[in-house]
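Breakdown of the fold
Okay, here's what each chain looks like letter by letter:
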Amino acid sequence: MKLTIKRLALSAIVLASTLGLSQIGLSSAEAAGSGQEDQVLLKFATVGDSRGDSKKQQLNAQDANWQQNTKVIARITKEVQDAKDDLFVFNGDMIMGYYSDPTNKKAAAAYLNKQYSFWRGLVADMYETGTYVVPVPGNHELQDNLSTGKISTEANENTWRYNMGDVIMDTLRWKNMFGSEIQGWDENNYPKVGTGGITTSQSQLSYSFDLKDSHFAIINTDPAGNDSHAPTEWLKQDFESAKKRGLKHMFVFGHKYAFPYIIDPASAPTDSLHADLKSWDDFWQVIEDYNATYFSGHQHATNFSQPKGKAYQVIVGSGGSPFDAKNANHAAVDRMYTWANVTVYASGRVHIDNFGFDENFGQTQLILSLDLGAPINQLTLSGIKLDQPLTPSVFDYSAKVANSVTSTTVTATPVDSLAKVSFRLNGQAAANPIPLSVGKNTISVDVLAQDGKTTQTYTITVTREDKDGGNGNPGNGGNNPGGGNGNPGNGGNNPGNGGNSNPGNGGNNPGNGGNSNPGNSGSKPGTGGNSNSGNGGSKPGNDGNGNPGNGGNSKPGNGGSETGSSGVDNLKDIKGHWAESAIKQLISLQAVKGYPDGSFKPDQKVTRAEFVAMVVKAFGLQLQKDKTFSDTANHWARDFISTAYKQGIISGYNDQIFKPDANITREEMASIIAKTLGLKVSANGKKFTDDNHISNWARAAIAAASEKGIIGGYPDGKFNPSGNATRAEAAAVIIRAHICLQ
């Protein structure tokens, strides 16, 4: 397919000089302005239960003997490697264990040793690609399966140490991988005999360490002589010490869960931490007190919960066995092999993506995505745009609606499947659809935690306009829009549905042509209106099903805030910015616009959809509408994404998922630009000090783009491949790509 590129109306030589392209890397000012306050600090993945039930699968002799899920765990480790995670925490049950005659200690140890060797072979390559593997003991490692029940033994604890001690912790390997000594690590910091029911040495069974601003505590939930108990006393002391060191996040990894996920009430599990109610309650209180997140396995299921409305328990015990669920009607995700990918940002944000694939080894899917800190991961009101997106730790929202909006349906999805959601209107119990009176309406969304006691309330204040005010009167300019905006220029031809509702300054009649053409390329027009129809009205509409104007950048619909109302020379926050010239040139290409308040927000993050839209517009690609991902069908950037896909510029996470609203990473940006220009693999690309963190799929693109001077690194020599790109960086990269075409 031939790629037709729109050329810049500016000399490449002049522009290169303006942008200072004699230096390929980012300047110090560029690094400082690239949103470092929210850079990725670390990433880790966690999963448990790699073994499977040999009775439920057709296994070869090797797998049946040593490990039932070679295929599953090999695929998961490969996906984690490709994600360039810093750590891979394996949450127990990495082997099958359970020798048939545990009284024969020598034979039992030999049997376990072979299984450990097999498992270590599966994860060995991760160390070579920059991911440190952190093992967590599970009951299959430590317990014998006797006729009287499963019981942990000191002999099995010793076998664990023999096989895993060299990686708990390998300080030299750690330093080689992370460039510094391991912090917060003390080989003598473990639960001592005589405390909390401990009867045997727990050295290398429960331990802890720090990485960046986060503390990682590994706990043995089956200590010999005290099965199904967590080392609560030690954990509290360990947390307190970490708190004094200034660690922001507390992550705990133990094999057995505290709160079971009830798939089938007739087969509710009982062999976990909640078997001892007092110990169980004490343990979870420590998790709550330090706002920790507890990752567990054991149960063959995937579940996120906030049992008492605050701290999270994440069960990702599906790393390699068909689920034990008896009920054929349980959720489809419970039949999948899944793992959690966790990203910790410098701002304090902690984001979790739960990925998985089905029993038939289909495509990897994003099952759940959320930021820690909120009991719900979806909050929407039909026909209403809230003043801000759902944000962790923000519980008050507001919205203004036209008089024509008489009711709304509230959708609030709790993170915890056992939490209960109810609604109130002005303090009184309410149900969907919720009626809206003229004036202020206070909608309360109450989320009751599974403990039946803790409630978190979200408050949404919806102000419905009076029929005689606001949009009812045409306002300044009446039938003729003010400021000469009645006749839009090169704007989108299809403003969407209901163009008359909010054009201009509240006028029902947007004026001469204001309805059919939504204005002079306002980049985020809503349904039928643009920010320049009528008397410079700032409310583009309520829905935004239409097409943004010529040059409209990002998010049409729902009254988007970005607009073409501020000219290039009037943007108040780009003068003196390292990317000022690039931003102006990108605006001249009608690929991006400023915001209604006269700002450009150069250091704001760019989403995958926004960057794709910029590229499609900047290079003048003809729109093609025949590719839709499951998460772009109703997205404002659907056609831009479809166009880039058909041109071979982008691909999704799989054939169904694109994640349009995820912030784009620098390596993703480099890949898109390299494909747009058709750059060839280069052996002369710039070398970066964090090359080992660049994903394999992005290496060639980064090498080619850096060799051409399109994208560079930071003053410290790093490329920061998983860091999020800013609007300024996007502008600079796209303009530099244009220069390469001259």
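A brief look at the structure comes next. Just so you know, these numbers come straight off a predicted model, no measurement behind them.

1. Observations regarding the overall build of the protein chain
Helices and strands together make up the secondary structure of the protein chain, namely 16 helices and 23 strands. Classification of the 742 residues of the protein chain by burial places 55% in the buried group. Long-range pairs, those at least 24 residues apart, make up 70% of the contacts in the protein chain between residues at least 6 apart in sequence. Of the roughly 29,800 Å² of accessible surface on the protein chain, a fraction of 47% belongs to carbon and sulfur atoms.

2. Side note on the side chain of serine 203
In this structure, serine 203 sits in the loop between helix H8 (171-178) and strand S6 (207-211). Look past the residues within four positions of serine 203 in its chain and what remains in contact with it is Arg161 and Tyr190.

3. Thoughts on helix H4 (residues 70-82)
Between the first and last C-alpha of H4 there are 18 Å, a value that for 13 residues agrees with the 18 Å anticipated at 1.5 Å per step. Looking only at H4, the buried set comprises Val72, Ile73, Ile76, Thr77, Val80 and Gln81. Down the axis, H4 shows its buried residues gathered within 165° of arc, on one side only. Where H4 is buried, its residues contact strand S1 (40-47), strand S2 (87-90), helix H5 (105-128), strand S12 (336-345) and strand S13 (350-358). Of the residues trailing H4, lysine 84 is marked for its positive phi of about 60°.

4. Some remarks on the pairing of S12
Counting buried positions along S12 gives ten out of ten residues, so the element sits mostly inside the fold. Side chains Met336, Thr338, Ala340, Val342 and Val344 project from S12 onto one buried face, and the interleaved Tyr337, Trp339, Asn341, Thr343 and Tyr345 project onto a second face that is buried too. Looking at chain direction, S1 and S12 are connected through six bridges and run antiparallel. Following the sheet pairing, phenylalanine 44 is matched in S12 by valine 342.

5. Considerations on the side chain of aspartate 85
By the element assignment, aspartate 85 lies in the loop between H4 and S2. Lacking a salt bridge, the buried aspartate 85 has lysine 43 as its closest oppositely charged neighbour, with an N-O distance of 4.3 Å. Polar side-chain contacts of aspartate 85 include one of 3.2 Å to the side chain of asparagine 341. Those residues in contact with aspartate 85, other than ones at most four positions away along the chain, are Lys43, Phe44, Ala45, Val80, Gly130, Thr131 and Asn341.

6. Some words on the packing of H4 against H5
Packed helix pairs are specified by the crossing angle of their axes together with the interaxial distance, meaning the distance between the axes. Between H4 and H5, whose axes approach to 9 Å, the crossing angle comes to 20°. What the angle tells us is that H4 and H5 run roughly parallel. As for how H4 packs across H5, the hand of that crossing is right-handed. Facing H4, whose interface residues are Thr70, Ile73, Thr77, Val80 and Gln81, H5 presents Phe118, Leu122, Val123, Asp125 and Met126. Across the contact of H4 with H5, the residue classes tally to six nonpolar, three polar and one charged.

7. A word on the sheet that holds S1
Read from one edge of the open sheet, six strands run S3-S2-S1-S12-S13-S14, paired in mixed fashion. In the strand order of this sheet, the two ends are held by strand S3 (132-135) and strand S14 (365-371), each with one partner. Sheet twist, expressed as the average angle between the axes of neighbouring strands with direction ignored, equals 20°. Lying over the sheet, H4 contacts S1, S2, S12 and S13, oriented at roughly 20° with respect to S12.

Quick notes on the rules
Residues numbered from 1 in each chain as written. Predicted model: local features only at pLDDT ≥ 70, side-chain atom pairs only at ≥ 80, totals over all residues. Heavy atoms only, no water. Helix = DSSP H or I, 4+ residues; strand = E, 2+ residues; numbered from the N terminus. Buried < 20%, exposed > 50% of the residue type's maximum accessible area, 1.4 Å probe, protein only. Contact = heavy atoms within 4.5 Å. Areas by Shrake-Rupley, 256 points an atom, 1.4 Å probe, with all protein chains shown as cover. Expected span 1.5 Å × (residues − 1). Arc of directions from axis to C-beta. Pairing = 2+ DSSP bridges. Lys, Arg positive; Asp, Glu negative; His and termini not counted. Salt bridge = Lys/Arg side-chain N within 4 Å of Asp/Glu carboxyl O. Polar contact = N/O pair within 3.5 Å; in protein donor to acceptor, adjacent residues only side chain to side chain. Axes fitted to C-alpha atoms, helices over the stretch in contact; angles between N-to-C directions. Parallel < 35°, antiparallel > 145°, perpendicular 65-115°, else oblique. Left-handed = near helix turned anticlockwise from the far one by under 90°. Nonpolar A, V, L, I, M, F, W, Y, C, P; charged D, E, K, R; others polar.

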